[in-house]
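# Topology and contacts: notes
Residue-level listing of the chains:
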Amino acid sequence: MKTQVCIIGGGPSGLMLSQLLHLKGIETIVLERQSREYVLGRIRAGVLERGFVELMREAQCGERMDAEGEIHHGFYISDNGTMRLVDLEKHTGGSSVVVYGQTELTRDLYEARDKMNGKVIHNVEDVALHNLNEATPPYVTYRSGDDIVRIDCDFVIGADGFHGPSRKAIPKDVLREYEKVYPFGWLGVLSRTKPVNPELIYASSDRGFALCSLRSQVLSRYYIQVPLTDQVEDWSDDAFWDELKTRLPDDVAARLETGPSIEKSIAPLRSFVAEPMRYGNLFLAGDAAHIVPPTGAKGLNTAASDIYYLYHGMLDHYLKGDGSGLESYSEKALARVWKAQRFSWWMTSLLHTFPDTTAFDQKLRSAEIGYLFSSDAALSSAAENYVGLPF
Ligand code: APR
Ligand code: PHB
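Since the structure is predicted, the reported quantities are computational estimates derived from the model, not experimental observations.

Inspection of the region around ligand 2 gives 15 residues, with Y202, S213, R215, Y223 and P294 positioned closest. P294 places a polar main-chain atom, nitrogen or oxygen, 2.9 Å from an oxygen atom of ligand 2. When residues of the shell around ligand 2 are traced back to their parent elements, those giving at least two are strand 15 (210–216) and strand 16 (219–226). Of the residues forming the shell around ligand 2, the biggest block, three residues, is contributed by strand 15. Grouping the constituent residues of the shell around ligand 2 by class yields nine nonpolar, four polar and two charged. The two domains that each donate at least three residues to the shell around ligand 2 are domain 1 (5–71 + 97–179 + 270–347) and domain 2 (182–269 + 355–387).

This is the structure in structure tokens:
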């Protein structure tokens with residue numbers, strides 16, 4: 001087979017880029033290791049920055065998001081029972097975020113790809129990248145049953161998540177990896193219950209962090225910080241709800257509607273960046289190149305800026321013969337990635353309980369929260385990062 005851009009990974013990054021390029025007449029093939037059902041079964045965060053929202057619209061995939069997504073003008077931070085609003089609109093001069101589940105937007109992207117007869121090949125095995133930094137064009141191979149299929153292309157996009165083969169195809173003496181692993185995870189529960197609050201609540205307490213989020217007015221998503229040694233089986237639904245309540249302000253806990261979990265999982269928290277994001281004709285995007293802890297919901301939104309820069313770089317290359325956007329891709333993408341890393345690390349450090357915390361650290365953390373809510377400058381900084389820095 002032959003295509004212009006071979007995209008490895010059919011998550012939001014790969015699908016979005018494929019859809020955007022196809023609309024401009026640039027051919028792509030997407031290779032996905034899993035079935036579509038599997039990809040759509042993954043529950044991930046659901047807060048979209050304006051930049052992502054605009055990309056969905058440009059990709060002609062924004063209809064359901066615009067109809068069903070909820071616009072959020074602020075979020076709450078609770079500190080040992082005291083709840084205060086970060087007013088996004090007020091502190092950013094009118095910006096907001098949209099709450100719309102990643103599962104739903106991935107479904108929208110698949111449907112859009114289907115409508116345009118986009119080529120998305122599922123259940124591919126043994127994907128391998130070849131000739132990435134040679135004078136001759138690159139190619140990708142995969143196995144389908146007993147057959148090895150070869151795809152010749154101009155560029156390879158590694159949008160295959162943290163565990164995919166693309167990043168690993170960059171030689172060790174070229175790739176630099178920066179990582180921070182946090183000593184806790186998030187236990188998440190999805191339940192068919194009315195959300196406890198119209199806006200999200202990020203709750204810090206002596207017993208650990210908790211988050212009240214939502215997917216819609218009948219679907220809630222809650223998380224609590226747990227030790228890395230905990231297993232999902234250790235947590236009955238009742239134990240989860242009881243612990244969540246202890247970490248919320250009393251009046252919020254009192255009105256929390258509980259119910260059976262429809263999904264329950266534990267995710268470790270990690271900050272990770274791989275540099276550079278380009279090697280020859282390979283470009284990394286999304287989780288393949290960077291991971292953020294979920295506090296602040298920057299994962300998908302950081303993938304969005306990669307896709308934006310790559311999309312425009314590809315357009316300039318194919319439509320204007322101008323390679324400068326692709327040349328500067330890694331540098332531009334990483335500059336924004338590190339700012340999102342900083343913000344996610346800051347929110348994580350501010351709101352979680354760390355096992356080796358001293359009394360001094362605790363006091364500093366309280367002072368930081370106190371400062372945040374006493375200063376318009378600090379609130380503006382938090383708000384402009386939460387709604388998303390410009391691309
Ligand atoms: N071959 C083909 N596809 C692969 C391979 C492989 N060897 N390995 C992984 N993949 C696929 C995964 O199955 C997955 O569907 O690549 C896809 C990567 O998708 P995501 O992990 O969702 O990453 P990305 O598309 O960059 O999405 C950005 O934002 O909220 C965050 O982490 C969250 O997934 C989210 C991310
Ligand atoms: C979610 O709804 O899953 C969610 C929301 C906000 C976050 C993280 C996760 O910061």
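Okay, back to it.
Okay, the state of the cysteines next. The final tally for this structure, using the stated rule, is zero disulfides. C153 forms no disulfide, and the closest cysteine sulfur to it belongs to C6, at a distance of 5.1 Å.

Taken in spatial order, the eight strands of this open sheet run 6-5-14-15-16-13-17-20, and their pairing is mixed. The two strands at the open ends of the sheet, each matched to only one other strand, are strand 6 (82–87) and strand 20 (290–291). Direction of pairing for strand 14 (residues 201–204) relative to strand 15: antiparallel, over a ladder of three bridges. Among the inter-strand pairings, I201 is bridged to a residue of strand 15, identified as C212.

All right, on to the site of ligand 1 then. The immediate surroundings of ligand 1 are formed by 25 residues, with S13, E32, R42, R44 and D287 found nearest. Within the side chain of Q102, an N or O atom sits 2.8 Å from an oxygen atom of ligand 1. One of the side-chain N or O atoms of D287 is found 2.4 Å from an oxygen atom in ligand 1. Burial of ligand 1 by the protein amounts to 91% of the accessible area it has alone, namely 700 Å². Contributing elements (two or more residues each) for the shell around ligand 1: helix 1 (12–23) and helix 10 (299–320). For the shell around ligand 1, a count of residues per class yields nine nonpolar, 10 polar and six charged.

This part covers the pattern of salt bridges. Applying the stated rule across the entire model yields 21 salt bridges. Here R64 and E104 are joined by a salt bridge, their closest N and O atoms 2.9 Å apart. With a gap of 40 residues between them, R64 in helix 4 (residues 63–68) and E104 in helix 6 (residues 102–115) connect regions that are remote in the sequence. Exposure remark for R64: the relative accessible area of 24% places this residue in the partly exposed category.

What counts and how
- Residues numbered from 1 in each chain as written.
- Chains lettered and ligands numbered in written order.
- Predicted model: local features only at pLDDT ≥ 70, side-chain atom pairs only at ≥ 80, totals over all residues.
- Heavy atoms only, no water.
- Near = heavy atom within 4 Å.
- Polar contact = N/O pair within 3.5 Å; in protein donor to acceptor, adjacent residues only side chain to side chain.
- Helix = DSSP H or I, 4+ residues; strand = E, 2+ residues; numbered from the N terminus.
- Nonpolar A, V, L, I, M, F, W, Y, C, P; charged D, E, K, R; others polar.
- Domains from an automatic or database assignment.
- Disulfide = S-S within 2.5 Å.
- Pairing = 2+ DSSP bridges.
- Areas by Shrake-Rupley, 256 points an atom, 1.4 Å probe, with all protein chains shown as cover.
- Salt bridge = Lys/Arg side-chain N within 4 Å of Asp/Glu carboxyl O.
- Buried < 20%, exposed > 50% of the residue type's maximum accessible area, 1.4 Å probe, protein only.

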